[in-house]
Amino acid sequence: MLMSLGLFIFTTSTIPFQSEQDSESWRHPSNPRVGKRPAYQFTGKDEATKTLSGTLFPELTGGMLTIDMLRYMADTGAAWPLIRGNGMYEGLWIITDLSTTRTLTFANGQARQIDFSMTIKKTDDFSLLGEVTDYLLTFI
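Note that the structure is a prediction, hence the values are computed from the model and not measured.

## Comments concerning the overall build of the protein
The number of helices and strands found in the protein is 2 helices and 9 strands. Overall, the protein shows an N-to-C arrangement of helices and strands of β-β-β-β-β-β-α-β-β-β-α. Taking 14 Å as the expected radius of gyration for a compact globule of 140 residues, we find that the protein reaches 19 Å, considerably beyond that expectation. For the protein, the spread of C-alpha atoms along the three principal axes comes to 70 × 35 × 30 Å. Counting across all 140 residues of the protein, residues that qualify as buried make up 34%. Carbon and sulfur atoms provide 54% of the accessible area of the protein, an area that totals close to 8700 Å². Between the centroid of the 12 positive side chains of the protein and the centroid of its 15 negative side chains there is a distance of 12 Å.

Here it is in structure tokens:
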């Protein structure tokens, strides 16, 4: 297991992401001053985002069904716990962006290669926690 987002497990047979990009920022609003540079005040952490991207080969790894599972999770608007393969809990994350590019198609139009990118954002709002029962009933 590479990591899990809610009940979705990233493995080499589902969605083996090849890259992971993290971004964090902190708020420092400014106040203008006469004859001096602006004064800044630290007001706390801002957004933390993570972008996972990679290439799927449906003959070997997951295909559009696995992408559709992530799309459904994004459609719920829920926050999901992110846990790394080593067991480290990274907090609650919401899916904000999911893009795919399908290339090298078979004669029936199915893609041999699916490039994907998914962006998730960290949240501290436990009221957004995803409900497992709704997620399971969709794919059973």
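## Notes on the environment of Ala48
Relative to the assigned elements, Ala48 resides in strand β6 (residues 44-56). Sequence separation of Ala48 and Glu24 is 24 residues, and the distance between their C-alpha atoms is 4.3 Å. Every residue in contact with Ala48, bar those within four places of it in the chain, is listed here: Ser23, Glu24, Trp93, Ile120, Lys121 and Lys122.

## Section: the packing of aromatic side chains
Under the counting rule described, the total for this entry stands at 2 aromatic pairs. Relative to Phe10, the ring of Phe8 lies with its centre 5.0 Å away and its plane at 75°, an arrangement referred to as edge-to-face. Of the two residues, Phe8 and Phe10, neither departs from the other in class, the shared state being buried. Relative to Phe17, the ring of Phe10 has its centre 5.7 Å away and its plane inclined at 80°; by these criteria the two rings are edge-to-face. When sorted by exposure, Phe10 lands in the same class as Phe17, which is buried.

## Considering the sheet that holds β6
Backbone hydrogen bonds hold the strands of a sheet together, and the pairing may be parallel or antiparallel. Strand order in this open sheet of 7 strands is β2-β1-β7-β8-β9-β6-β3, and the pairing throughout is antiparallel. Because the sheet does not close on itself, it has two edges, and the strands there are β2 (8-10) and β3 (19-27). Strand-to-strand twist in this sheet, taken as the mean axis angle between neighbours without regard to direction, amounts to 30°. Examined bridge by bridge, strand β1 (residues 3-5) and strand β7 (residues 79-84) share 3 bridges and lie antiparallel to one another. Looking at the pairing, Leu5 lines up with Leu82 of β7. Each of β1, β2, β6, β7, β8 (89-105) and β9 (111-123) is contacted by helix α1 (residues 64-76), which is oriented at about 140° to β8, the strand it contacts most.

So, how was this worked out
- Residues numbered from 1 in each chain as written.
- Predicted model: local features only at pLDDT ≥ 70, side-chain atom pairs only at ≥ 80, totals over all residues.
- Heavy atoms only, no water.
- Helix = DSSP H or I, 4+ residues; strand = E, 2+ residues; numbered from the N terminus.
- Rg over C-alpha atoms; globule rule 2.2 N^0.38 Å.
- Buried < 20%, exposed > 50% of the residue type's maximum accessible area, 1.4 Å probe, protein only.
- Areas by Shrake-Rupley, 256 points an atom, 1.4 Å probe, with all protein chains shown as cover.
- Lys, Arg positive; Asp, Glu negative; His and termini not counted.
- Charge placed at Lys NZ, Arg CZ, Asp CG, Glu CD.
- Contact = heavy atoms within 4.5 Å.
- Phe/Tyr/Trp six-rings, centres within 6.5 Å; stacked < 30°, edge-to-face > 60°.
- Pairing = 2+ DSSP bridges.
- Axes fitted to C-alpha atoms, helices over the stretch in contact; angles between N-to-C directions.

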